[in-house]
Amino acid sequence: MRAIRWVALVIVLFGAFYLWGALQIRESTTYAAVGPRFMPNAIGIGIVLSGVWLFAFPGAPPAPDSPEAASLDWLSIGLMLGLVAVYIALFRVAGYVLATTLLLWGGRANFRRPPSSRARRRDCGGAVGDNLLRLFAIIAHQPAASPVGLLRVRLEGVVL
Amino acid sequence: MLPLRSFASLRLGVKVGAIQKEKDRLFGGDIWANLVNGFSVVLTPQHLLFVMLGVTIGTAIGVLPGIGPSLTISLLLPVTFGLEPISAFVMFGGIFYGAMYGGSTTSILVNTPGESSSVVTAIDGFQMAKKGRGGAALATAAIGSFFAGTFATLMLMLMAPLLVRFALQFGAPEYFALMLLALSAVTGLAGQSAPKAFFATLLGLGLGMVGIDLQTGQARFTFGNLNLLGGIDPVMVAIGLFAVGEVFWAAGTLKRTFEETVTLRGSLMMNREEWRRSWPAWARGSVIGFIIGVLPGAGATIASFLSYNAEQRFAKGKAELGQGAIEGVAGPEAANNASAGGALVPLLALGIPGSATTAVMLVAFQIYGLRPGPLLFQQQADLVWGLIASLYIANLALLVLNLPMVRMWIKLLDVPKPVLYAGILTFSLLGVYADTQNTFSMVLLLALGVLGFLLRRYDFPLAPVVLGAVLGPLIEQEFRRSLAISVNDYSVFFTRPLALVLMTLVIMSFLVPLFNAIWKASRRRAAVSAGAVGEIED
Amino acid sequence: MRRVRTLPLMALLSLLVASALLAGCTTMPAAAPVEQAAATEAAPEEAAAPAEAAAGAALAPTAGGFPSKAIQIMAPANPGGGWDTTARLLAQTLTESGISPVPVEVFNVPGAGGTIGLAQLVSQNAGDPYTMMMMGRVMVGSILTNQSPVTLAETTPLARLTAEYEIIVVPANSPYQTMADLVAAFQADPKSIAWAGGSAGGTDHILVGQIAKAVGVAPEGVNYIAYSGGGEAAAAILGGQVAAGVSGVGEWADFIASGEMRPLAVSSAERLGALPDVPTLTESGVDVVLLNWRGVVGPPNLNEEDKAWLIAALTAANESEQWQEILATNGWDDVFQTGDDFAATLAEDNATISTVLKEIGLIE
């Protein structure tokens, strides 16, 4: 079976899940010509239908230059995902500076694997420089006592 | 700055009569004399500086994903406490217009729109950049923005009272029909596969349902998560699907495929042919965008999609749309700037904000002790006319600043991809964080990024998802309001003249492509059976 | 070679990044080389310097050294709404009239009728005197409708600041001349009266629910049309799309003044000074009085000293000329209350609102 047909099945399942979600909405006793479930139900049914439609007519097989046919570097995608997840987890704990520098460096480095040591050094330097620029702009014009900038990241949470 | 108590004494007691009378009431006399006065207020070095500053900041935040004009203006408000009101407002006007233009740059060059109103620009803009006409795309966006912004300001000045009356004709059924018309733009964004586009639209509409239902206060699809009660911002959908999704896609493909370097073909500016094709698109986009902007319930995103819809019907190069037609950039970019100007009409004339940005400007007015509304033009003539004059200047500044910058922006294509994508990722995450102060929004953005990646992988069109997320709540609320007000009378959509006109347009715009497809298919079949395939290629 | 060519672009990008960040630095004066610096980054000794209307001297810090850096007011809503406006005006008053020795800033945590901001205040700012939250009577309702796990009982009530009564209006060309006309039509055919107001479960909705109860209309018969924000509702009323509208008195003052909306009744106990011709609901035979207030709460576990300082600062702000002028301009009433009195009000409103919400079927 072609991949797109599996996708169609996933869509049908998602539609069913959406309809289940719509069932969880409380219909209040307030007067309302059309209640809060009406549109979600319609959308849920539509999603199921679109899945069935796609399953029935998956279209021509993907052309060799289409994204469906592209061979993907799943490791790299996984690393990128992990990197962002780590960033979000670290954001409040380690603070803005460490987390963002890590993200900038990791984001760059991930595109160059295996990186030459020169590229690695450059990425690292670039990330630090890039981030320092931002940090500088955040705190440059702030009186020492007011730690808030664009992103309202509290400096006490920042490990310098 | 009149205290409320004296308003009673200002009671005019006149029923709204002739337009001219009303115009006089609003503007207090001769428009042109007022405008000259306005320019004399604004043309001081200090105010000009603020206009330029506003345009620069606006363009910058337009370029950066996630940071929108409403956030910027609200962050700037305390800085402007000590300024005279006019300085602050001319700066905000500059930010407003600048941001609308700025969003186009990354859409065109890197396919990562920074605002939901520039999503549609990415479709043809990025294809143009791939063909080496990125410079022309940026130029048509800049000149179109100037053209549309100036047009909108002119209309604001000449026709505000008339337009306000027009906007008030729009009740729930009319808005419902208008939103459906905007939704019909998906027929043109569908790409190759109808079921895929159908799903993408529904997915967007479905995302728009998340959160508290305005009419009944019930939570929907929040699964007990407090953070979802506020709903999913369409801007976040746009950034997640396009920008973050693009980063994941690049992570998966960049090292395998040798990315063809984009070379510029021809001059950076538009050539004669491109000029010829841009003009009508700017004009259409300006008119559509302005009208949508005047309506307090619509917005820049809807304006840009409707303009794209119009291009699909009327543009010379409509067959080329989707593959890098200049009309697909010129129209929507003009439309989103014109809608910014249009949104000032209900703000200034009625005190009704039509968008998040104008809502913040309303706060700014209040902080200065001003009350926009029917009395503002009389009480604060200097300020209003100064603001209008500064909008003309802001538009000019936008053009002067950005046209030469095309040369700079185009170099964005030369930035090493790792640096570029790491930057996009960081800015997107920080942008949504800045907007909500909540790490949950980053998690949501990541999820939307993964969704965007998967949709891209299986060749689903992304723009309909954003359009659906914008329109979903609006369509639903207006539908339910219509039926509540009419007490369950479905005929309300067809018995009101304006609604009927819009509904007819809606039906036509859904049916015409369908008939076209059937017609083509039957001709093809006929041709194949006649054995003359070559003849029907059009 | 390649890198050299991209240099100007990099420089430009940095510039943009910097300017965007500058835009964000709320106390950043350099972008605007004007003397507002004095007002925004006032150090203790500069604060009393006559900026414009510097009335009193700054409050001295507490023995514990609070405050030593900027104080934040969270507006738990998008920029542009009532809480945001009040928070910004309060921050402006505290800073400009020289009450606070440190800058006072506003930030927004939008969503879910303020309950997201509330949850954040309670979970992330416990014991932190540098963060206050703007809130109001509406939040009491949204906590109930959203079944928020965090309630106002966990916060430290600081001060109730402003109050606004509700007003009932009809379009200028409406057949209803008085509240009695409207009530008669409402009783005859409840659904024929479409009431426009703010989001479901908010103050406007609760007032309509109370009116229905008072005039003997079943709550489920109320045809209430929710609009997001007073602007959208105003458009619907001006265009004659709905039969009646409900809102805070100040919001539509201009439309009332220019004759485009006809006021029928206000929700106060006595007629308002600003609108002497408009009867109260009670006078019109509808026995309902409703006061919509806004106030400031602090995070849980504040120490007594810091709490006292904050209440003193808010009291001074409330007494300042600048604040009184703001109240007058916006048509707000002064219902100042602090600490325990305010906490008692909160508890009382919680009881009333949960009864009404149950009756109109929004909560179980």
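Residues numbered from 1 in each chain as written. Chains lettered and ligands numbered in written order. Predicted model: local features only at pLDDT ≥ 70, side-chain atom pairs only at ≥ 80, totals over all residues. Heavy atoms only, no water.

J.: Could you give an account of the overall build of chain C, with specific residues and numbers?
T.: For chain C, the helix and strand inventory stands at 13 helices and 10 strands. Sorting the 364 residues of chain C into buried and exposed places 64% on the buried side. Restricting to contacts in chain C with at least 6 residues of sequence separation, those with at least 24 account for 77%. Approximately 12,300 Å² of chain C is accessible, and the part contributed by carbon and sulfur atoms is 53%. (Helix = DSSP H or I, 4+ residues; strand = E, 2+ residues; numbered from the N terminus. Buried < 20%, exposed > 50% of the residue type's maximum accessible area, 1.4 Å probe, protein only. Contact = heavy atoms within 4.5 Å. Areas by Shrake-Rupley, 256 points an atom, 1.4 Å probe, with all protein chains shown as cover.)

J.: Give a detailed account of the overall build of chain A, specifying residues and quantitative values.
T.: Along its length, chain A carries five helices and zero strands. Across chain A, helices and strands are ordered from the amino to the carboxyl terminus as α-α-α-α-α. Within chain A, the fraction of its 160 residues that count as buried is 44%. Intrachain contacts of chain A at a sequence separation of at least 6 include 59% that bridge at least 24 residues. Carbon and sulfur atoms make up 72% of the accessible area of chain A, which amounts to about 7,800 Å² in all.

J.: Give me the lowdown on a nonpolar patch on the surface, citing residues and values where you can.
T.: All names here are of chain B. Side chains of Phe-494, Leu-500, Ile-507, Leu-511, Leu-514, Phe-515 and Ile-518 sit close together on the surface and give an oily, nonpolar patch of about 650 Å² of accessible area. At six residues, helix α23 (residues 497-530) tops the list of elements feeding residues into the nonpolar patch. Looking at where Leu-500 falls in the secondary structure, it is placed in helix α23. (Patch = residues over 30% accessible without salt bridge, like charges linked within 9 Å, V, L, I, M, F, W, Y side chains within 5 Å. Salt bridge = Lys/Arg side-chain N within 4 Å of Asp/Glu carboxyl O.)

J.: Explain the pattern of salt bridges to me, and be specific about the residues and the numbers.
T.: Between side chains of opposite charge, a pair can form as their charged atoms come close. All names here are of chain B. In total, this model carries 19 salt bridges over all chains according to the counting rule given. Note that Lys-131 is salt-bridged to Glu-320, the shortest N-O span being 3.8 Å. Remark: Glu-320 occurs in the loop between α14 (300-314) and α15 (327-350) and Lys-131 occurs in the loop between α7 (119-130) and α8 (134-168); sequence separation between them is 189 residues. Of the residues examined, Lys-131 reaches a relative accessible area of 37% and is grouped as partly exposed.

J.: Summarise the packing of α15(B) against helix α16 (residues 356-367) of chain B; cite the residues concerned and give the values.
T.: Residue and element names in this part refer to chain B. Two elements in contact, α15 and α16, have axes separated by 10 Å at closest approach and are oriented at 35 degrees. Classified by chirality, the crossing of α16 by α15 is right-handed. The residues of α16 that touch α15, namely those facing Ala-343, Leu-344, Leu-347 and Leu-348, are Thr-358, Met-361, Leu-362 and Phe-365. Tallied by class, the residues present in the contact of α15 with α16 amount to seven nonpolar, one polar and no charged. (Axes fitted to C-alpha atoms, helices over the stretch in contact; angles between N-to-C directions. Left-handed = near helix turned anticlockwise from the far one by under 90°. Nonpolar A, V, L, I, M, F, W, Y, C, P; charged D, E, K, R; others polar.)

J.: Break down the side chain of Ser193(B) for me, with residues and values.
T.: Residues and elements named next belong to chain B. Take Ser-193: it is sitting in the loop between α10 (186-189) and α11 (194-208). Given the relative accessible area of 16%, Ser-193 is considered buried. Within the structure, Ser-193 has its side chain in polar contact with the backbone nitrogen of Lys-196 (distance 3.3 Å). (Polar contact = N/O pair within 3.5 Å; in protein donor to acceptor, adjacent residues only side chain to side chain.)

J.: Give me the lowdown on the environment of Thr95(C), citing residues and values where you can.
T.: All names here are of chain C. Looking at where Thr-95 falls in the secondary structure, it is placed in helix α4 (residues 82-96). Of the residues examined, Thr-95 reaches a relative accessible area of 12% and is grouped as buried. In this structure the C-alpha to C-alpha distance between Thr-95 and Ala-58, which are 37 residues apart in sequence, comes to 9.5 Å. Here the side chain of Thr-95 touches Ala-91 through a polar contact of 2.6 Å, landing on its backbone oxygen.

J.: Before we move on, could you go through the pairing of strand β8 (residues 261-266) of chain C and cite the residues and values that matter?
T.: Residues and elements named next belong to chain C. Burial analysis of β8 places six of its six residues in the buried class, the great majority of the element. By the bridge criterion, five bridges tie strand β4 (residues 156-171) to β8 in an arrangement that is antiparallel. Among the inter-strand pairings, Val-169 is bridged to a residue of β8, identified as Pro-263. (Pairing = 2+ DSSP bridges.)

J.: Break down the pairing of strand β1 (residues 71-75) of chain C for me, citing the residues and quoting the values.
T.: Residue and element names in this part refer to chain C. The element β1 is extensively covered by neighbouring structure, given that five of its five residues are classed as buried. Residues of β1 alternate between two faces, with Ile-71, Ile-73 and Ala-75 on one and Gln-72 and Met-74 on the opposite face, all of them buried. Note that β1 and strand β2 (residues 104-108) share five bridges and pair parallel. Opposite Ile-73, over in β2, you have Val-106 as the bridge partner. Pairing of β1 with strand β3 (residues 131-136), which is carried by three bridges, proceeds in the parallel orientation. Each bridged residue has a counterpart across the sheet, and for Gln-72 the counterpart in β3 is Thr-131.

J.: Please provide a residue-by-residue account of the packing of helix α4 (residues 45-63) of chain B against helix α18 (residues 381-409) of chain B, values included.
T.: Residue and element names in this part refer to chain B. α18 packs onto α4 with a crossing angle of 50 degrees between their chain directions and a minimal axis gap of 9 Å. The pairing of α4 with α18 is recorded here as oblique in orientation. Judged by the sense of rotation from one axis to the other, the crossing of α4 with α18 is right-handed. Here Leu-48, Val-51, Met-52, Val-55, Thr-56, Thr-59 and Val-63 of α4 lie close against α18, whose contacting residues are Ser-390, Ile-393, Ala-394, Ala-397, Leu-398, Leu-401, Asn-402 and Trp-409. (Parallel < 35°, antiparallel > 145°, perpendicular 65-115°, else oblique.)

J.: Outline the confidence of the model for chain A, listing residues and values.
T.: All names here are of chain A. For chain A, per-residue confidence averages 74 on the pLDDT scale, and 67% of positions sit at 70 or higher. Of all the helices and strands in chain A, helix α5 (residues 117-139) carries the lowest mean pLDDT, 64, while helix α2 (residues 38-56) carries the highest, 94. This model gives residues 139-160 a pLDDT under 50, and the stretch forms 68 contacts once residues within four places in sequence are excluded. (pLDDT = per-residue confidence, 0-100.)

J.: So what's going on with the nonpolar core? Residues and values would help.
T.: Among the nonpolar cores identified, the biggest contains 326 residues, and Phe92(B), Leu109(B), Leu90(C) and Trp195(C) are the most heavily contacted of them. Broken down by element, the residue count for this core peaks at 17 residues, all from α8(B). Residues within four places of Leu109(B) in sequence aside, it is in contact with Phe126(B), Ala129(B), Leu138(B), Trp409(B), Ile410(B), Leu412(B) and Leu413(B). (Core = buried A, V, L, I, M, F, W, Y, C linked by side-chain atoms within 4.5 Å.)

J.: So what about empty space enclosed by the protein? Which residues, and what values?
T.: A complete count under the given rule lists 17 cavities of 30 Å³ or more for this structure. Approximately 140 Å³ is the volume attributed to the second largest cavity. Secondary structure elements with two or more residues in the lining of the second largest cavity: α8, α9 (172-183) and α21 (463-485) of chain B together with α9 (230-238) of chain C. Here the element with the most residues in the lining of the second largest cavity is α9(C); it accounts for three residues. (1 Å grid on protein atoms, 1.4 Å probe; cavity = no way out; pocket = protein on both sides within 12 Å on 5 of 7 lines; lining within 4 Å. Points joined across faces, edges and corners; volume = space filled by probe spheres on them.)

J.: Before we move on, can you summarise the packing of aromatic side chains with the specific residues and values?
T.: According to the stated counting rule, one finds 26 aromatic pairs over all chains in the structure shown. Residues Phe176(B) and Phe493(B) carry aromatic rings whose centres are separated by 4.8 Å and whose planes lie at 45 degrees to one another, so their mutual orientation is tilted. With a gap of 317 residues between them, Phe176(B) in helix α9 and Phe493(B) in helix α22 (residues 492-495) connect regions that are remote in the sequence. Judged by its relative accessible area of 9%, Phe176(B) falls in the buried class. Residue classification places Phe493(B) among the buried residues on the basis of a relative accessible area of 4%. When the centroid spacing of 5.8 Å and the interplanar angle of 5 degrees are considered together, the rings of Phe479(B) and Phe493(B) count as stacked. One end of the pair, Phe479(B), is in helix α21; the other, Phe493(B), is in helix α22, and 14 residues separate them in sequence. Taken together, Phe38(A), Phe176(B), Phe479(B), Tyr490(B) and Phe493(B) form an aromatic cluster joined through their ring pairs. Across from the ring centre of Phe55(A), 4.9 Å away, lies the NZ or CZ of Arg5(A), which sits over that ring. Over the face of the ring belonging to Phe460(B) we find Lys196(B), whose NZ or CZ atom lies 5.6 Å from the ring centre. (Phe/Tyr/Trp six-rings, centres within 6.5 Å; stacked < 30°, edge-to-face > 60°. Lys NZ or Arg CZ within 6 Å of the ring centre and 35° of its normal.)

J.: Any chance you could break down unusual backbone geometry for me, citing the residues and the numbers?
T.: Leave glycine aside and you will find that most residues have negative phi; peptide bonds, for their part, are mostly trans. Its identity is not glycine, yet Asp459(B) carries a phi of approximately 65 degrees, on the positive side. Here Asp459(B) lies in the loop between α20 (439-457) and α21.

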